[in-house]
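So the chains spell out like this:
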Amino acid sequence: MAQQPESPPWWRDAAVYQVYPRSFADGDGDGVGDLAGIRARLPHLVELGVDAVWFNPWYPSPQKDGGYDISDYRAVDPALGTLDEAEKLIAEAAGLGLHTIVDIVPNHVSDRHPWFRAALAAPPGSPERERFHFRDGRGEHGELPPNNWRSEFGGRPWTRTADGQWYLHLFAAEQPDLNWDHPEVRAEHEAVLRFWFDRGAAGVRIDSAGLLVKDPALPDLAPDGPHPYVDRDELHQVYRSWRAVADSYHPPRALIGEVWVPDAERFARYLRPDELHTAFNFDFLARPWDAAQLRESIDSTLAAHAPVGAPATWVLANHDVTRTATRYGRADTRFDFAAKAFGIPTDPALGRRRARAAALLTLALPGSVYLYQGEELGLPEVEDLPLDRLRDPMHHRSGGTDPGRDGCRVPLPWSGTTPPYGFTGPGAATGEPWLPQPADWAALTVEAQTGDPDSVLELYRTALRLRRTRITGALRWRPAPEGVLAFDRGPGFTCLVNLSPRPVPIDIPGEHLLSSDALTDRHLPSDAALWLLRGARREPGERGRTVAAPMTKR
Ligand code: NOJ
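One structure accompanies this document, and this report is about it. Treat the numbers as computed from the prediction; the structure is a model and nothing was measured. (Residues numbered from 1 in each chain as written. Predicted model: local features only at pLDDT ≥ 70, side-chain atom pairs only at ≥ 80, totals over all residues. Heavy atoms only, no water.)

Another point: the site of the ligand. Neighbouring residues of the ligand: 13 residues in total, closest Asp65, His108, Asp207, His319 and Asp320. A distance of 2.6 Å separates an oxygen atom of the ligand from a polar side-chain atom of Asp65. One nitrogen or oxygen atom from the side chain of Arg405 is found 3.0 Å from an oxygen atom belonging to the ligand. Considering the ligand on its own, with 290 Å² of exposed area, one finds that the protein chains cover 97% of that surface. For the ligand, the cavity whose grid points lie within 2 Å of the majority of its atoms is the largest pocket. (Near = heavy atom within 4 Å. Polar contact = N/O pair within 3.5 Å; in protein donor to acceptor, adjacent residues only side chain to side chain. Areas by Shrake-Rupley, 256 points an atom, 1.4 Å probe, with all protein chains shown as cover. 1 Å grid on protein atoms, 1.4 Å probe; cavity = no way out; pocket = protein on both sides within 12 Å on 5 of 7 lines; lining within 4 Å. Sits in = over half its atoms within 2 Å of the grid points.)

This brings us to the packing of aromatic side chains. Tallied over the entire structure, the rule returns 28 aromatic pairs. Plain terms: the ring middles of Phe116 and Tyr167 are 4.8 Å apart, the flat faces sit at 65 degrees to each other, and that makes the pair edge-to-face. Taken together, the positions of Phe116 in helix α3 (residues 114–121) and Tyr167 in strand β6 (residues 166–168) put the pair 51 residues apart, joining distant regions of the chain. Here Phe116 and Tyr167 have matching classes, each one buried. (Phe/Tyr/Trp six-rings, centres within 6.5 Å; stacked < 30°, edge-to-face > 60°. Helix = DSSP H or I, 4+ residues; strand = E, 2+ residues; numbered from the N terminus. Buried < 20%, exposed > 50% of the residue type's maximum accessible area, 1.4 Å probe, protein only.)

This next bit is on the packing of helix α11 (residues 348–363) against helix α14 (residues 456–470). Between α11 and α14, whose axes approach to 10 Å, the crossing angle comes to 15 degrees. It follows that α11 is roughly parallel to α14 by the angle criterion. α11 and α14 meet at a crossing whose hand is right-handed. Contacts between α11 and α14 pair Arg356, Ala359, Leu360 and Leu363 from the former with Val456, Leu459, Tyr460, Ala463, Leu464 and Arg467 from the latter. Its residues assigned to classes, the contact of α11 with α14 comprises eight nonpolar, no polar and two charged. (Axes fitted to C-alpha atoms, helices over the stretch in contact; angles between N-to-C directions. Parallel < 35°, antiparallel > 145°, perpendicular 65-115°, else oblique. Left-handed = near helix turned anticlockwise from the far one by under 90°. Contact = heavy atoms within 4.5 Å. Nonpolar A, V, L, I, M, F, W, Y, C, P; charged D, E, K, R; others polar.)

Our focus in this paragraph is the side chain of Glu258. Note that Glu258 resides in the loop between β8 (254–257) and α7 (264–269). Judged by its relative accessible area of 6%, Glu258 falls in the buried class. Reaching out from Glu258, the side chain makes a polar contact with the backbone nitrogen of Ser208 at a distance of 2.6 Å. Setting aside its immediate chain neighbours within four residues, Glu258 contacts Arg205, Ile206, Asp207, Ser208, Ala209, Gly210, Phe280, Phe282 and Asp320.

In a pair of packed helices, the angle between the axes and the distance between the axes together describe the arrangement. Closest axis-to-axis distance for the helix α1 (residues 35–48)/helix α2 (residues 83–95) pair is 10 Å, and the angle between their directions is 15 degrees. Here α1 is positioned roughly parallel relative to α2, judged by the angle of their axes. Handedness of the α1/α2 crossing: left-handed. Between α1, through Leu35, Ala36, Ile38, Arg39 and Leu42, and α2, the contact on the second element is made entirely by Glu85, Ala86, Lys88, Leu89, Glu92 and Ala93. Of the residues contributing to the contact of α1 with α2, the split by class is seven nonpolar, no polar and four charged.

Moving on: the environment of Ala304. As for its position among the elements, Ala304 is in helix α9 (residues 291–305). The exposure class assigned to Ala304 is buried, which follows from its relative accessible area of 14%. Separated by 40 residues in the primary sequence, Ala304 and Ala264 place their C-alpha atoms 5.8 Å from one another. Leave out the neighbours within four places in its chain, and Ala304 touches Ala264 and Ala268.

What follows is the structure, encoded as structure tokens:
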């Protein structure tokens, strides 16, 4: 009997929705999102049309870095729920066809983690300290930090303990870095992977995946030579072992790396067939709203992935970066952590228009795509949070100059016309959301946008459905005027994106499936995108409104 061809694994072309649990939905009414809230709102994700959900860390944590300071990798923070609820959530999501991706944080632990507490309680040179990077300081009395490194959050990445030694933390002081040359550190993380895979997680997102291994000499940062902690060659052995763990499951589990490595070829090394399955494409996220720049990123991404056979990923936003609808409304539309500041002038209408067009561009590209909660509602960055409510160590460690990342983590608006916009579950006591929501979000709720064909939410719903049914095959560029991106996928699909300042004629005959903006006189306006089926009949009435095609096959 002829064998059925196997369908490609889900992670190759999945649309993955990122849930920041504290800000998604609050089931118990205390103002903090939780697993009960997420379980009640899973239908939103089904209706949206995504294939998988990635949860930011839900583990017990003192919350010194939004949950990325973990004190127990095998439990759920009591503020969010219980392990039993997490297991139920994973099972319920699977029942709805949604794969679950959990966040694994291997570079560092919380300073409240039992290993670090034991290390602080033990003397210098003790085995307990070897799981971390403890060193004597420089200077006559060891009063200077052991090297010249900088924390990713600003300031120095060393903190001195009561007995005079220093410990390394590439992020906040409450996030001591683990020593990945220690066999127990490696064994522990493989056990943690198994713990979550055994509970049904279909994959893991690996935090700070390029930073784990340090040069054991911890030398000063120098202009030449291999970096002492970024993208070290030894890292690949770690991920080969992890791949063996992931492959020992049926179906195999997926490894997704948070790898900030600008060199496309070095980046692709993590995606060799015996390492990670995919990794976030931050080059694409960081590029400005500029046709040549985006095309270059798309080309270099596809070229770097092809030799290793890995699918590309496309990301516009996440819980660390400025929301797209705000970033694209500024004069400088790149994303750069170093350029973040208070009070950057923004044109919100321009940002919204470009974010809609960018959504259609991104969803038409080959590979998997990540969608950060609230993008499907067109939420802007909240830039006027009271300073005393800001939690992010990036803000605090910058001396207050960096606004930090709280502005993209504000709880979602679901329904109603005033805060908390249904964020706290129906029937629950209405606690104040842990970060205040703006007073003008009534039109942005899921409820307000549902059924409105011009809303961002309906644009995403339609686009995600069409992506599943109409968009397959390799990308081929078409000739296009300056400032316009035009490409085909498969036999009949074409995506046009106009990033130029003037309308361009649409000279490709075909049915208009979907556009991010109203088309005028057979022209695609500036900052708009159009999906069309070549050769098919033009959809009548596309003028002056966004057009969604019927789902039936022609
Ligand atoms: C990357 C995470 O996305 C970010 O939120 C976190 O602060 C750092 N890694 C440290 O864990």
